[in-house]
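Per-entry structural report
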Amino acid sequence: MARNGTLVSRVSGDLRSQLAAGHYLPGARLPTESALGESFGVSRPTIRAALRELEALGLVRTQHGVGTFAVDKPAVQAGLERMDSITESIRATGREPGMVYAGRLFRPVLPEEAARMGVPGDAEVLELRRTILADGEVMAYSYDLMPRTILPPDFDPSALEGSIFEFLRTRLAVVPDRAVAEVHAVASNHVGWGSEAATHNLFVLLNQVHYASDGRLILYSRTYFIEGRYSFTIMRRG
């Protein structure tokens, strides 16, 4: 028999897919917990737990005594307890992810970067600057550093497009296994680039170092998420 946590994840995932596919229009009321329980063949507590996960992601809102309703085009949200790629977190809310690379170049690591990454002061890194989009709307600006040592000797930086996590998995056969992350609130007029850059000055900075399962450093990212367009949640359990 499947564990309850597995059932909750399955039901939550299926409901997320239904919401993304437009089965429930914004503002529409979802079936009752009893009806959903019958539909999925699970208990009401399992349905209730799955709906709480969807609410934490900003996909639904629950009015006690009234019902649960689909939310009108929510801001993109991601749970900090999971190490999903940004692309997947955007797609999970039913929006189309996009990415524009503003820069790709090899350069020497800076002293403060070397300290954060735990690499020698003369190490070389691939610096990436990306604008992250959802349905064409700017969500974040990301500064990413990849150690030169994990890339092929003849690697052409212009060949890197789309999701970095996907590139690591498919091109380098490296799977991000864990990350050490810090979250900061940032107020600045000097983050980002492009036509929208001057219109945003409040950000949530996710500063994190990623490692493979064998302990290798694979990525250091400083991603500035525009306040109100992308937010983070933490699923806490008793």
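Small disclaimer: the values here were computed from a predicted structure and weren't measured.

Rules used throughout
- Residues numbered from 1 in each chain as written.
- Predicted model: local features only at pLDDT ≥ 70, side-chain atom pairs only at ≥ 80, totals over all residues.
- Heavy atoms only, no water.
- Helix = DSSP H or I, 4+ residues; strand = E, 2+ residues; numbered from the N terminus.
- Buried < 20%, exposed > 50% of the residue type's maximum accessible area, 1.4 Å probe, protein only.
- Contact = heavy atoms within 4.5 Å.
- Areas by Shrake-Rupley, 256 points an atom, 1.4 Å probe, with all protein chains shown as cover.
- Lys, Arg positive; Asp, Glu negative; His and termini not counted.
- Charge placed at Lys NZ, Arg CZ, Asp CG, Glu CD.
- Expected span 1.5 Å × (residues − 1).
- Arc of directions from axis to C-beta.
- Pairing = 2+ DSSP bridges.
- Axes fitted to C-alpha atoms, helices over the stretch in contact; angles between N-to-C directions.
- Core = buried A, V, L, I, M, F, W, Y, C linked by side-chain atoms within 4.5 Å.
- Phe/Tyr/Trp six-rings, centres within 6.5 Å; stacked < 30°, edge-to-face > 60°.
- Lys NZ or Arg CZ within 6 Å of the ring centre and 35° of its normal.

When you go through the chain residue by residue, the secondary structure sums to six helices and 10 strands. Projected onto its principal axes, the C-alpha coordinates of the chain cover approximately 60 × 45 × 30 Å. The 238 residues of the chain split such that 46% are buried. A separation threshold of at least 6 residues defines the contact pool for the chain, and within that pool the share at least 24 residues apart is 58%. With an accessible surface of roughly 12500 Å², the chain has 50% of that area assigned to carbon and sulfur atoms. Within the chain, the 27 negative side-chain charges are centred at a point lying 6 Å from the centre of the 26 positive side-chain charges.

Position of S17 relative to the elements: it lies in helix α1 (residues 4-20). Along the chain, S17 and G192 lie 175 residues apart, while their C-alpha atoms are 32 Å from each other.

This part is about helix α3 (residues 44-56). Each turn of an α-helix holds 3.6 residues, which means side chains three or four residues apart point in the same direction. The end-to-end C-alpha distance of α3, which contains 13 residues, comes to 18 Å, matching closely the 18 Å that a straight helix rising 1.5 Å per residue would cover. Restricting attention to buried positions, one finds in α3 the residues T46, I47, A49, A50, L51, E53 and L54. In the segment just after α3, G58 is the residue with positive phi, at about 80 degrees.

Buried residues of helix α2 (residues 33-40): L36, G37 and F40, and no others. Here the buried residues of α2 occupy an arc of 105 degrees about the axis, which is enough to place them on one side. For α2, the exposed residues set more than 90 degrees away from the buried face come down to E38 and S39.

The strand order β4-β5-β6-β9-β8-β7 describes an open sheet built from six strands, whose pairing is antiparallel. Edge positions in the open sheet fall to β4 (97-108) and β7 (176-187), since each of these has one partner strand only. Taken over all neighbouring pairs, the strand axes of this sheet differ in orientation by 15 degrees on average, direction set aside. Note: strand β5 (residues 124-134) against strand β6 (residues 137-147), 10 bridges, orientation antiparallel. When the bridges of β6 are listed, R129 appears paired with Y143.

Moving on, we come to the nonpolar core. In terms of nonpolar packing, the biggest core is built from 30 residues, with I90, M146, L151, L160, I164 and Y230 touching the most fellow members. Excluding anything up to four places from it in sequence, Y230 contacts V76, A78, I86, S89, I90, M139 and F225. By size, the runner-up hydrophobic cluster in this structure holds 18 residues, among which are V8, A49, L59 and A70.

What follows concerns the packing of aromatic side chains. Counted under the stated rule, the structure contains six aromatic pairs. Taking the centre distance of 5.6 Å and the plane angle of 55 degrees together, the rings of F155 and F167 count as tilted. In this pair, F155 is assigned in the loop between β6 and α6 (164-171) and F167 in helix α6, connecting sequence segments 12 residues apart. Comparing F155 with F167 shows no difference in burial state: the two are buried. Where F203 meets Y224, the ring centres are 6.2 Å apart and the plane angle is 85 degrees; that geometry is what we call edge-to-face. Note that F203 is positioned in strand β8 (residues 202-212) and Y224 in strand β9 (residues 217-226), a separation of 21 residues in sequence. On the basis of relative accessible area, F203 is assigned to the buried category, the value being 2%. Looking at Y224, the relative accessible area reads 15%, which means it is buried. Three or more aromatic residues joined by ring pairs make a cluster, and in this case those are Y141, Y143, W193, F203 and Y224. Taking NZ or CZ as reference, R148 lies 4.3 Å from the ring centre of F106, over its face. Over the face of the ring belonging to Y211 we find R178, whose NZ or CZ atom lies 4.5 Å from the ring centre.

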